[in-house]
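Observations on the three-dimensional arrangement
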Amino acid sequence: MYCSECGKDVGEGTHFCPGCGTAMAGAPPPLPQYGGARSNCGLCGFITALIGLFLPVPFVDILIAAAGVILSGIGISTRKYRGLAIAGLIIGIVAVIGNISLVLTQPEVYTDAWEPWGF
Ligand SMILES: [Zn+2]
């Protein structure tokens, strides 16, 4: 069997040309990975939402919490880490609402949190 791209003799039963990496005819399609890259979104969303909840940086924490909500929402559609994704979604929404109301009603909370670093 010869490579259709570079003409190299790749032998029988080879799935990829060792010379140029081209997939050979008859090569099995790559196995679909369960959930793919999205399968960890539940865990990522949970952690991101937690960071958004506790990070004492105004506006940035709202953005991070919102990112946690989005990642958790994607994570819920996969079975892996679904429990964490649901928790992350709830924590993220609480964090977004909490952070917005905090920055509107008690901005001094952020000032106090920054004081040890000299801000
Ligand atoms: Zn080749």
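Residues numbered from 1 in each chain as written. Predicted model: local features only at pLDDT ≥ 70, side-chain atom pairs only at ≥ 80, totals over all residues.

The next subject is the overall build of the protein. Check the secondary structure of the protein and you find four helices and zero strands. Going from N to C terminus, the protein has its helices and strands arranged as α-α-α-α. Among the 119 residues that make up the protein, the fraction classed as buried is 24%. Summarising the internal contacts of the protein: among those between residues at least 6 apart in sequence, 47% fall at separations of at least 24. (Helix = DSSP H or I, 4+ residues; strand = E, 2+ residues; numbered from the N terminus. Buried ≥ 20, exposed ≤ 12 C-beta atoms within 10 Å, placed from the backbone. Contact = placed C-beta atoms within 7 Å.)

When pLDDT is averaged along the protein, the result is 83, and 82% of the positions lie at 70 or above. Looking at the elements of the protein, mean pLDDT is at its lowest for helix α4 (residues 108–114), recorded as 70, and at its highest for helix α2 (residues 60–76), recorded as 94. (pLDDT = per-residue confidence, 0-100.)

Here we take up the packing of helix α1 (residues 41–54) against helix α3 (residues 82–105). Running from N to C, α1 and α3 cross one another at 25°; their axes reach a closest spacing of 7 Å. Here α1 lies roughly parallel to α3, going by the angle between them. The handedness of the crossing between α1 and α3 is left-handed. Counted together, Cys41, Gly42, Leu43, Gly45, Phe46, Ala49, Leu50, Gly52 and Leu53 of α1 and Arg82, Leu84, Ala85, Ala87, Gly88, Ile91, Gly92 and Ala95 of α3 form the full contact between these two elements. Partitioned by chemical class, the residues of the contact of α1 with α3 number 11 nonpolar, five polar and one charged. (Axes fitted to C-alpha atoms, helices over the stretch in contact; angles between N-to-C directions. Parallel < 35°, antiparallel > 145°, perpendicular 65-115°, else oblique. Left-handed = near helix turned anticlockwise from the far one by under 90°. Nonpolar A, V, L, I, M, F, W, Y, C, P; charged D, E, K, R; others polar.)

Note on backbone geometry: most residues besides glycine have negative phi, and most peptide bonds are trans. Backbone geometry places Phe59, a non-glycine residue, at a positive phi of 70°. Residue position: Phe59 is located in the loop between α1 and α2. For Phe59, a count of 11 C-beta atoms within 10 Å puts it in the exposed group.

This paragraph deals with the nonpolar core. Counting residues in each nonpolar core, the largest one holds 16 residues, and the members touching the most others are Ala49, Ala65, Val69, Ala85, Ala95 and Val96. It is α3 that provides the largest number of residues to this core, a total of six residues. If sequence neighbours within four positions are ignored, Val96 has contacts with Ile62, Ala65, Ala66 and Val69. (Core = buried A, V, L, I, M, F, W, Y, C linked by C-beta atoms within 7 Å.)

The next subject is the packing of α2 against α3. Between two packed helices, the angle of one axis relative to the other and the distance separating the axes together describe the packing. Here α2 crosses α3 at 155°, and the two axes come no closer than 8 Å. In terms of orientation, α2 and α3 fall into the roughly antiparallel class. The crossing of α2 and α3 is left-handed. Where α2 approaches α3, its residues Asp61, Ile62, Ala65, Ala66, Gly68, Val69, Ser72, Gly73, Gly75 and Ile76 are matched on the opposing element by Arg82, Ala85, Ile86, Gly88, Leu89, Gly92, Ile93, Ala95, Val96, Asn99 and Ile100. Taken together, the residues that form the contact of α2 with α3 break down as 12 nonpolar, seven polar and two charged.

For the rest of this paragraph, the subject is α3. In a regular helix each residue adds 1.5 Å, so 24 residues correspond to 34 Å; α3 covers 34 Å between its end C-alpha atoms and thus fits that length. The complete set of buried residues in α3 reads Leu84, Ala85, Gly88, Leu89, Ile91, Gly92, Ala95, Val96 and Asn99. Turning to α3, the residues buried within the fold contact α1 and α2. (Expected span 1.5 Å × (residues − 1).)

As a further point, take the environment of Ile47. As for its placement among the helices and strands, Ile47 is situated in helix α1. A tally of 16 C-beta atoms within 10 Å means that Ile47 is categorised as partly exposed. Measuring from C-alpha to C-alpha, the distance between Ile47 and Leu84 comes to 8.9 Å, with 37 residues separating the pair along the chain.

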